[in-house]
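Commentary on secondary and tertiary structure
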Amino acid sequence: MTPLRKRANALETQFARQAELEFRTKVLCGKMIGRWAGYKMGVDDVEAYAHNIAMQQVVEPHRLLDLLRQDFSAAGMDVSEAELNSQMHTFLDSASVEIATRG
């Protein structure tokens, strides 16, 4: 194998690993924010709700905050945009650290 091909393989492997870590981080972040929201709203099955939120994070990440806003509104709760964004950033940071330490 030529040095150029070795380098290309290494870069492909690195890219795939990074993509996997990003995916796992987003899923974990979705579960974390789902648990937070589920507990805050008093959902009966918090883990199932968190799982649904995590799947929404994967399928339509751009709609996640809208979904959370709708769920809070349906539960009769007023949660500010700032609080949602703050929690999202906090959980994303926590998920990143947890995934990085787990490997």
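In this convention, every chain numbers its residues from 1, walking through the sequence in written order. Per-residue local features are limited, in this predicted model, to residues with pLDDT of at least 70; the limit for side-chain atom pairs, both in listing and counting, is 80 or more; totals at the level of whole chains, interfaces and linings are taken over all residues. Based on all heavy atoms of the structure, the side-chain values leave hydrogens and waters out of the count.

1. Some points on the environment of Lys-40
With respect to the helices and strands, the residue Lys-40 is situated in helix H1 (residues 3-41). Burial here depends on accessible area, computed with a 1.4 Å probe over protein chains only, as a share of the maximum for the residue type. Under 20% is buried, over 50% is exposed, and the range in between is partly exposed. A relative accessible area of 34% means that Lys-40 is categorised as partly exposed. Placed 14 residues apart in sequence, Lys-40 and Lys-26 show a C-alpha to C-alpha distance of 21 Å. In contact with Lys-40, not counting residues within four places along its chain, are Phe-72, Met-77, Val-79 and Glu-83. As used in this structure description, the phrase polar contact means that two N or O atoms lie within 3.5 Å; if the pair is within protein, one of them must be able to donate a hydrogen and the other to accept it, and residues adjacent in sequence are counted only when both atoms belong to side chains. Within polar-contact distance, the side chain of Lys-40 engages the side chain of Glu-83 at 3.3 Å. Numbering goes from the N terminus for both helices and strands, where a helix is a DSSP run of H or I of at least four residues and a strand is a run of E of at least two. Contacts between residues were defined by any pair of non-hydrogen atoms, one from each residue, lying within 4.5 Å.

2. Focus on the packing of helix H2 (residues 46-59) against helix H3 (residues 64-74)
For helices, the fitted axis covers only the stretch in contact; all axes are lines through C-alpha atoms, and the angles between them, taken along N-to-C directions, range from 0 to 180 degrees. Running from N to C, H2 and H3 cross one another at 150°; their axes reach a closest spacing of 9 Å. When H2 is examined against H3, the residues Tyr-49, Ile-53, Gln-56 and Gln-57 are found in contact with a partner set consisting of Leu-64, Leu-67, Leu-68 and Asp-71. Across the contact of H2 with H3, the residue classes tally to 5 nonpolar, 2 polar and 1 charged. Here the nonpolar group is Ala, Val, Leu, Ile, Met, Phe, Trp, Tyr, Cys and Pro; Asp, Glu, Lys and Arg are the charged ones; every other residue, Gly included, is treated as polar.

3. Concerning the packing of H3 against helix H4 (residues 81-102)
Contact geometry of H3 with H4 gives a least axis separation of 11 Å together with a crossing angle of 125°. Compared by their axis directions, H3 and H4 come out oblique. The crossing of H3 and H4 is right-handed. Mapping the contact onto sequence places Leu-64, Leu-65, Leu-68, Arg-69 and Phe-72 in H3 and Glu-81, Leu-84, Asn-85 and Met-88 in H4. For the contact of H3 with H4, the per-class residue count stands at 6 nonpolar, 1 polar and 2 charged. Here the word oblique covers every angle except those under 35 degrees (roughly parallel), over 145 (roughly antiparallel) and from 65 to 115 (roughly perpendicular). Each crossing is labelled by how the near helix is turned from the far one, with a counterclockwise turn of less than a right angle marking it left-handed and a clockwise turn marking it right-handed.

4. Considering the pattern of salt bridges
Within this document, salt bridges are pairs made up of a side-chain nitrogen of Lys or Arg and a carboxyl oxygen of Asp or Glu, the two lying within 4 Å of each other. Evaluated as defined, the whole model comprises 8 salt bridges. The closest approach of N and O atoms between Arg-17 and Glu-20, which form a salt bridge, is 3.6 Å. You can see Arg-17 and its partner Glu-20 sitting in helix H1, 3 residues apart, about one turn around the helix. For Lys-40, the salt bridge identified is with Glu-83, shortest N-O distance 3.3 Å. Remark: Glu-83 occurs in helix H4 and Lys-40 occurs in helix H1; sequence separation between them is 43 residues. Taking relative accessible area as the criterion, Glu-83 reaches 27% and is therefore assigned partly exposed. Because the salt bridges share partners, they merge into one network encompassing Arg-17, Glu-20 and Arg-24.

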